[in-house]
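Residues per chain, in single letters:
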Amino acid sequence: MASDAALLHVEERIIMYRSLKMRIEPDSEQRKVIEASFRYHCYVYNALITACKSYHRSNGRLPSQFDLSKLCTRIWNNCPFLHGYLYQNAMNETAKRVLQAFSKCGENRRRMERRNRRKSKGKTDKENTELTGSPETGLACPRFRKPSRFHSYTNPLHREVFTERNGRRMMKVSKVKGPVRCYNQKAPVPGIPKTCTIEKVDKGTHTEYYACLSCWDDIERRRGDEYLSGRSLDAVGIDMGVSKTATLSNGTVYGNDHLYSKLLDLFRKGHEAFSTMLPGTPGYRKARSRLNHLYGRLRGIRRNNVETISRQIVDNFDIICMEDLPVRRLRSKSKGKRMTNAYDDASLGMLRRRLIDKAIEAGRRIILVDPRWTSQVCCGCGACVKKGLEVRTHVCPECGLVMDRDLNSAINILIWGLTGNPFPERWDE
Ligand SMILES: [Zn+2]
């Protein structure tokens, strides 16, 4: 029963947007325009935050997107210096971000208040109010951004983005004159591009620019084309964990490479060098560049692992059963730094997300299983064999089955995913 509900939950979430991120290489003139666009978007962002504050003071609530759009039009009419660098409807996208920032700040504040209330249980209401501030007073407000901390802006697209020049694909970027050189020449555009987000990454010694196209893709239409094309149904159960990133029920194991621990010395050295440098000097920029590249390498390898594993699983199996894991909560309960790093290296959340995305795209069926008891129950006879996290081998006293712990739970996940979880509530002893 549980698995059916979970399946519905996944099927409802049909991704319609797919993105393509590519590095762009503007020349020095184009870079000036892009930098100015960043500056002016930042200006608009800060102006809108101020506007939201004063609106809240007089009306007691935040303005809607529509109110902000009207305000954007007024800003546009009063500030002719913006016209050379922004589109008017790009300002609406920035307005959207302002509202998102406000709602996120509100959420954070509410979470903090809940935590404080939990901590100060037993105190009187008055003391609690002093501790957290009463909920009515004040608005949780995002910070103003410095131009150096403003990294991206979004343009809606209404025209063709790409052009050809000498057989190379070139890109048109907002108000920038002329086409901009871009990387990823061979990557196909996944659908109709709707928005283009320009992003900059400060590497210390230089700045890299990226364009992220968000494309509308009709997945409904393509779904199921590939599905069950002359193949028998292959089902698989996946157990995800820290010691091994993923264990499949057919015995395939994807290990955890503990990358961070391997690179730890390099990170230490990098941070040491960075902390001794004087800000603003060439040495400082160089050290920062080195650190940024190191973190980029870590991110890249982790991402590559996730993409490889999820691609292999989705290509080989039609029905994929996996645990409905609360990854963040698991990580917060980990014992010690090493284990937390191992969680990060395994990137379980990203793996889960990519598996679901790829499976939906290819028309595979994903079944999420309640993660409770998957590792404790014997897959041979169904007896409950309790064991702690440190016991890596499953030994069943009832039927004598000896098996790797993760393989046992992968098989359980497969069986429960196909037939329904026999223990939806709790093990009754
Ligand atoms: Zn057994």
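Chemist: Can you walk me through the pairing of strand β3 (residues 162-165) in this structure?
Modeler: As judged from the four bridges shared by β3 and strand β4 (residues 168-171), these two strands associate in the antiparallel manner. Each bridged residue has a counterpart across the sheet, and for F162 the counterpart in β4 is M171. Between β3 and β4, which pair antiparallel and follow one another directly, the connecting turn spans two residues, one of which, N166, has a positive phi of 50°.

Chemist: Could you clarify how one ought to interpret the coordination of the zinc ion in this entry?
Modeler: Ideal geometry at a metal gives 109.5 degrees between four tetrahedral donors and either 90 or 180 degrees between six octahedral ones. Here the zinc ion is held by the protein donor atoms C378 (SG), C381 (SG), C396 (SG) and C399 (SG), which lie 2.2 to 2.3 Å from it. Linear spacing of the donor residues for the zinc ion on their chain is C-x2-C-x14-C-x2-C. With a gap of 18 residues between them, C378 in the loop between β12 (365-369) and β13 (393-395) and C396 in the loop between β13 and β14 (402-404) connect regions that are remote in the sequence. Residue C378 shares its accessibility class with C396, and that shared class is buried.

Chemist: Mind showing me how you'd approach helix α3 (residues 65-78) here?
Modeler: Along an α-helix, a turn takes 3.6 residues, which lines up residues three or four apart on a common side. Here α3 is 14 residues long and its end C-alpha atoms lie 20 Å apart, about the 20 Å a rise of 1.5 Å per residue gives. Along α3, the residues classified as buried are D67, L68, S69, C72, I75 and W76.

Chemist: How should the packing of helix α7 (residues 259-276) against helix α8 (residues 282-316) be read in this particular structure?
Modeler: In helix packing, the relevant descriptors are the interaxial angle and the interaxial distance, both defined with respect to the helix axes. α8 packs onto α7 with a crossing angle of 165° between their chain directions and a minimal axis gap of 9 Å. Considered as vectors, α7 and α8 are oriented roughly antiparallel to each other. The chirality of how α7 crosses α8 is left-handed. Contacts from L259, Y260, L263, L266, F267, G270, H271, A273 and F274 of α7 reach α8 at Y284, A287, R288, L291, L294, Y295, R297, L298, I301 and R302. By residue class, the composition of the contact of α7 with α8 is 14 nonpolar, two polar and three charged.

Chemist: How do you make sense of the sheet that holds β4 when you look at a structure like this?
Modeler: Through backbone hydrogen bonds, the strands of a sheet pair up, either in parallel or in antiparallel fashion. The strand order across the open sheet built from seven strands is β2-β6-β7-β1-β5-β4-β3, with neighbouring strands paired in antiparallel fashion. The sheet is open, and its two borders are formed by β2 (152-156) and β3, each paired with just one other strand. Across the sheet, the mean angle separating the axes of adjacent strands is 40° when strand polarity is ignored.

Chemist: Help me out: how do you make sense of the side chain of R169 in this one?
Modeler: Within the element layout of this structure, R169 appears in strand β4. The buried charged residue R169 lacks any salt bridge, with E164 as its nearest oppositely charged partner at 6.9 Å. A distance of 2.7 Å separates the side chain of R169 from the backbone oxygen of N184, its partner in a polar contact. Among the polar contacts listed, one links the side chain of R169 to the backbone oxygen of A187, at a separation of 2.9 Å. Non-local contacts of R169, meaning those with residues more than four positions away in its chain, are made with M22, F162, T163, C182, N184, Q185, A187 and V189.

Chemist: Please clarify how the confidence of the model for the protein chain should be interpreted in this entry.
Modeler: Low pLDDT marks regions whose predicted coordinates should not be analysed in detail. In the predicted model, the protein chain carries a mean pLDDT of 83, and the fraction of residues at 70 or more is 87%. The low-confidence segment residues 1-13 (pLDDT under 50) makes 17 contacts with residues lying over four places distant or belonging to another chain. Considering only residues more than four positions removed or in separate chains, one finds that residues 221-228, a stretch of pLDDT under 50, has 13 contacts.

Chemist: It is not clear to me how a nonpolar patch on the surface should be interpreted in this structure. Could you clarify?
Modeler: A cluster of nonpolar side chains, contributed by Y17, I192 and W216, occupies part of the molecular surface with about 320 Å² of accessible area. Locating W216 in the fold gives a position in strand β7 (residues 207-216). Judged by relative accessible area, which is 38%, W216 ranks as partly exposed.

Chemist: Whenever I open this one, the pattern of salt bridges confuses me. Can you help?
Modeler: When their charged atoms lie close together, side chains carrying opposite charge are able to pair. Applying the stated criterion across every chain yields a total of 19 salt bridges. In this structure, D406 engages K244 in a salt bridge whose closest nitrogen and oxygen atoms are separated by 3.4 Å. Of this pair, D406 sits in helix α12 (residues 405-419) while K244 sits in strand β9 (residues 244-248); the two residues are 162 residues apart in sequence, bridging distant segments of the chain. When the shortest N-O distance is used, the salt bridge between D265 and R268 registers 4.0 Å. Within this pair, D265 and its partner R268 are both found in helix α7, separated by three residues, close to a single helical turn. Among the residues examined, D265 registers a relative accessible area of 54% and is labelled exposed. Each of R303, E307, R354, D357 and K358 takes part in a single network of salt bridges with overlapping partners.

Chemist: What should I look at first to understand the sheet that holds β12 in this one?
Modeler: In spatial order, the strands read β10-β9-β8-β11-β12; together these five strands make up an open sheet with mixed pairing. With one partner strand each, in any of the chains shown, β10 (253-255) and β12 form the two edges of the open sheet. Averaged over all adjacent pairs, the angle separating strand axes in this sheet is 20°, with direction ignored. By the bridge criterion, three bridges tie strand β8 (residues 235-240) to β9 in an arrangement that is antiparallel. Along β9, the bridge assignment pairs I238 with L248.

Chemist: I keep staring at the nonpolar core and nothing clicks. Help me out?
Modeler: Nonpolar side chains in soluble globular proteins generally cluster together in the buried interior. I24, L48, M91, M171, I198 and L213 are the most contacted members of the largest nonpolar core, which has 42 residues in total. At the level of secondary structure, the elements contributing two or more residues to this core comprise β1 (17-25), α2 (28-59), α3, α4 (88-119), β5 (180-182), β6 (192-202) and β7. The dominant element in this core, judged by the number of residues it contributes, is α2, at nine residues. When sequence neighbours within four positions are dropped, the list of residues in contact with M91 reads H41, V44, C72, I75, W76, L82 and L86. Core analysis: the next-biggest nonpolar cluster, separate from the first, contains 28 residues, A246, I309, A342 and I360 among them.

Rules used in this analysis
Residues numbered from 1 in each chain as written. Predicted model: local features only at pLDDT ≥ 70, side-chain atom pairs only at ≥ 80, totals over all residues. Heavy atoms only, no water. Pairing = 2+ DSSP bridges. Helix = DSSP H or I, 4+ residues; strand = E, 2+ residues; numbered from the N terminus. Donors = N, O, S within 2.8 Å, 3.2 Å for Na, K, Ca; no water. Buried < 20%, exposed > 50% of the residue type's maximum accessible area, 1.4 Å probe, protein only. Expected span 1.5 Å × (residues − 1). Axes fitted to C-alpha atoms, helices over the stretch in contact; angles between N-to-C directions. Parallel < 35°, antiparallel > 145°, perpendicular 65-115°, else oblique. Left-handed = near helix turned anticlockwise from the far one by under 90°. Contact = heavy atoms within 4.5 Å. Nonpolar A, V, L, I, M, F, W, Y, C, P; charged D, E, K, R; others polar. Lys, Arg positive; Asp, Glu negative; His and termini not counted. Salt bridge = Lys/Arg side-chain N within 4 Å of Asp/Glu carboxyl O. Polar contact = N/O pair within 3.5 Å; in protein donor to acceptor, adjacent residues only side chain to side chain. pLDDT = per-residue confidence, 0-100. Patch = residues over 30% accessible without salt bridge, like charges linked within 9 Å, V, L, I, M, F, W, Y side chains within 5 Å. Areas by Shrake-Rupley, 256 points an atom, 1.4 Å probe, with all protein chains shown as cover. Core = buried A, V, L, I, M, F, W, Y, C linked by side-chain atoms within 4.5 Å.

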